[in-house]
Amino acid sequence: MWHAATRELVAAGRLRVIGVVQEQHRERAALWLKWQGIEWPVAWDPFNQLEVKLVPKVLAVQPGGLVLKDRLHPNRIEGEGGLLEVMGRMQGVTAELEQPAQFGPHLARARGAITPDDDPGEFVPAAMAILLMDRQGMDAGSCSRRRAAVRTLVDRALAPNASARDHFRAGVAQRLLLDLEGPSQRPGEQPNEGRFQGALNSWSRALSLDPGQYIWRRRIQQWGPRLDKPYPFYDWVPLARKELAARGLKPAVWKVLLSGAETAKGGYDLPVPVIQENPDPLARIPLDEKQRAILHWAVAPHTGFAGPNVRVAPGTSRVHLSLVPAEDVRIEPEGGPLGIWIDLPDGWRARSSWIDLQSVGEADYQNPRLDFELVASAPGPPGEAPPPVPRLTGFVLYPVCIGENGVCNLLRRNFDLDLRPAR
Amino acid sequence: MALRPLALIVFLLCSSLSARQVQVTGTAEGQVLPDLELPLVGTEGTLRLRGEAGDSRPILLVTFASW
């Protein structure tokens, strides 16, 4: 409502309306703004440098930066405390403040050309600036600078005096790196050291230290279990795309596709398992000993581990799996079953023990991804630690072909996941 | 003796500076908005939250998420 009320004031040069989005993905916010027809400038703040604890929050700020009112009601225009009254108080008043401009120089430097020795070093603001201004290049210089920036933020979070905020920012950096460069494929890498799990672990540590920080809680819930969702996060996307197309506007193609967790609705209903047979009970399908494809995984916990501010008990998890074939390998769905078998721990539920990957979009066959929910049948009360389910074992089957006209084989890879949330 | 007026001036200057440092940055009433410059969504460029020097317009700042 005030959006319309402020339009004239903005046009008359009497007011500046700006937005700041607290989201991991800039392109998703861009789609929403385009769909909603929001024209005022909106900035992207994935690291939550504004340090707000929840959204939406509307501030009236005097010229110079002094916050005059921090809880403007979006629908209150007239009367005491309304937008017009607060506006009247702000007119002609300029606060005399220091203008330290702490962050700007880092951003200006990050905007510049990459130099061989360009490294953020120990400077967290410089590291964040590099990641914010990342041109998403995949050349050696861009990757090196980006990774150095991520390392700076992760190292900061490993310091003995690391704050909750340091952990959150380390998580944001790791997820940004995953979205730009894919899962880490260092040889010998152990489970739960991957970029996505690293991000989830960092956010979990941050939330444990400050359970009242809802921006951080939502960042885990975005990929977390359905039973921990206050609402579906991105279910509006198909409608937005459809309506924009009807208006003749073509939305940009996203680099990072939505996961099932991000469009899932919240709810209390437990999955009813569909009984299916193990496709390889005697383990006769050959193991992928030559690493034709690498399986990456991450487990997003229920945020109930961090405190009692939840509507259902903790104990559920959302497991994210992604299969990345080697460079000369193609996954051919015609070559056999493509799916995942999970050995459900006693008393735990999932919709099915066999999860078929055939249904993923064609464009995704070269990087099949899937996420599914595991539910504890008897979770403890809110605020208590999840029931001890140390590991989830199973295997993934995938048909691979080597080279353009090479032989195709069905291969098996076993997995053993640690489901415990990071502390 | 000649040092006393100088010491007084130094004291007054320092107390003036420390009084200015009391301003807390944040988004609560009475605090000063952090001087952040952030990338814009949907277009190139950046946005300085406090506005550019010389801009005397009051600011309505909305922080939100699309989810």
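Remember, it's a predicted structure, so these values are computed and weren't measured experimentally.

So, how was this worked out
- Residues numbered from 1 in each chain as written.
- Chains lettered and ligands numbered in written order.
- Predicted model: local features only at pLDDT ≥ 70, side-chain atom pairs only at ≥ 80, totals over all residues.
- Heavy atoms only, no water.
- Buried < 20%, exposed > 50% of the residue type's maximum accessible area, 1.4 Å probe, protein only.
- Helix = DSSP H or I, 4+ residues; strand = E, 2+ residues; numbered from the N terminus.
- Pairing = 2+ DSSP bridges.
- Contact = heavy atoms within 4.5 Å.
- Buried area = accessible area lost by both parts, 1.4 Å probe.
- Salt bridge = Lys/Arg side-chain N within 4 Å of Asp/Glu carboxyl O.
- Polar contact = N/O pair within 3.5 Å; in protein donor to acceptor, adjacent residues only side chain to side chain.
- 1 Å grid on protein atoms, 1.4 Å probe; cavity = no way out; pocket = protein on both sides within 12 Å on 5 of 7 lines; lining within 4 Å.
- Points joined across faces, edges and corners; volume = space filled by probe spheres on them.
- Nonpolar A, V, L, I, M, F, W, Y, C, P; charged D, E, K, R; others polar.
- Domains from an automatic or database assignment.
- Disulfide = S-S within 2.5 Å.

Here we look at the pairing of strand β3 (residues 59–64) of chain B
So, point 1. Counting buried positions along β3 of chain B gives six out of six residues, so the element sits mostly inside the fold.
So, point 2. Pairing of strand β3 (residues 57–61) of chain A with β3 of chain B involves five bridges; the strand directions are antiparallel. When the sheet's bridge partners are listed, A60 of chain A is paired in β3 of chain B with L60 of chain B.

Section: the interface of chain A and chain B
Reports often express the size of an interface as the amount of accessible area lost when the parts come together.
So, point 1. Listed as interface residues are 65 residues of chain A and, on the opposing side, 39 residues of chain B.
So, point 2. Both faces combined, the contact of chain A with chain B buries some 5,000 Å², and carbon together with sulfur accounts for 62% of it.
So, point 3. On inspection of chain A and its partner chain B, the count reaches zero salt bridges.
So, point 4. Remark: the boundary between chain A and chain B carries 24 residue pairs in polar contact (both at pLDDT 80 or more).
So, point 5. Residue assignment for the side of chain A that touches chain B shows that the elements contributing at least two residues are α1 (2–11), β1 (16–21), α2 (26–36), β2 (42–44), β3, β4 (67–69), α3 (83–90) and α4 (104–111) of chain A.

Topic: the layout of surface pockets
Residues and elements named next belong to chain A.
So, point 1. Of the pockets and cavities examined, the second largest pocket occupies roughly 970 Å³.
So, point 2. Sorting the residues of the lining of the second largest pocket by element identifies α2, β2, α5 (124–132) and α7 (164–181) as the ones contributing at least two each.
So, point 3. In terms of residues, the lining of the second largest pocket owes the most to one element, α2, which gives six residues.
So, point 4. Its residues assigned to classes, the lining of the second largest pocket shows 21 nonpolar, six polar and 11 charged.
So, point 5. When residues are assigned to domains, the lining of the second largest pocket turns out to be shared by domain 1 (2–89) and domain 2 (104–206), each giving three or more.

Focus on the state of the cysteines
All names here are of chain A.
So, point 1. Counted by the stated rule, this structure contains one disulfide over all chains.
So, point 2. Note on cysteine connectivity: C401 is disulfide-linked to C408, with sulfurs 1.9 Å apart. Here the disulfide of C401 and C408 is right-handed, its torsion about the S-S bond being about 110 degrees.

Re the domain arrangement of chain A
All names here are of chain A.
So, point 1. Partitioning chain A into structural domains gives domain 1 (2–89), domain 2 (104–206) and domain 3 (269–418).
So, point 2. Between domain 1 and domain 2, the residue contacts involve nine residues of the former and 13 residues of the latter.
So, point 3. Where domain 1 abuts domain 2, roughly 1,000 Å² becomes buried across the two surfaces, and 61% of that area is made up of carbon and sulfur atoms.
So, point 4. In this assembly, domain 1 and domain 2 are joined by two salt bridges.
So, point 5. Linking E51 and R165 is a salt bridge whose minimum nitrogen-to-oxygen distance equals 2.5 Å.
So, point 6. At the surface where domain 1 touches domain 2, the tally comes to four residue pairs in polar contact (both at pLDDT 80 or more).
So, point 7. Of the residues contributing to the side of domain 1 that touches domain 2, the split by class is three nonpolar, four polar and two charged.

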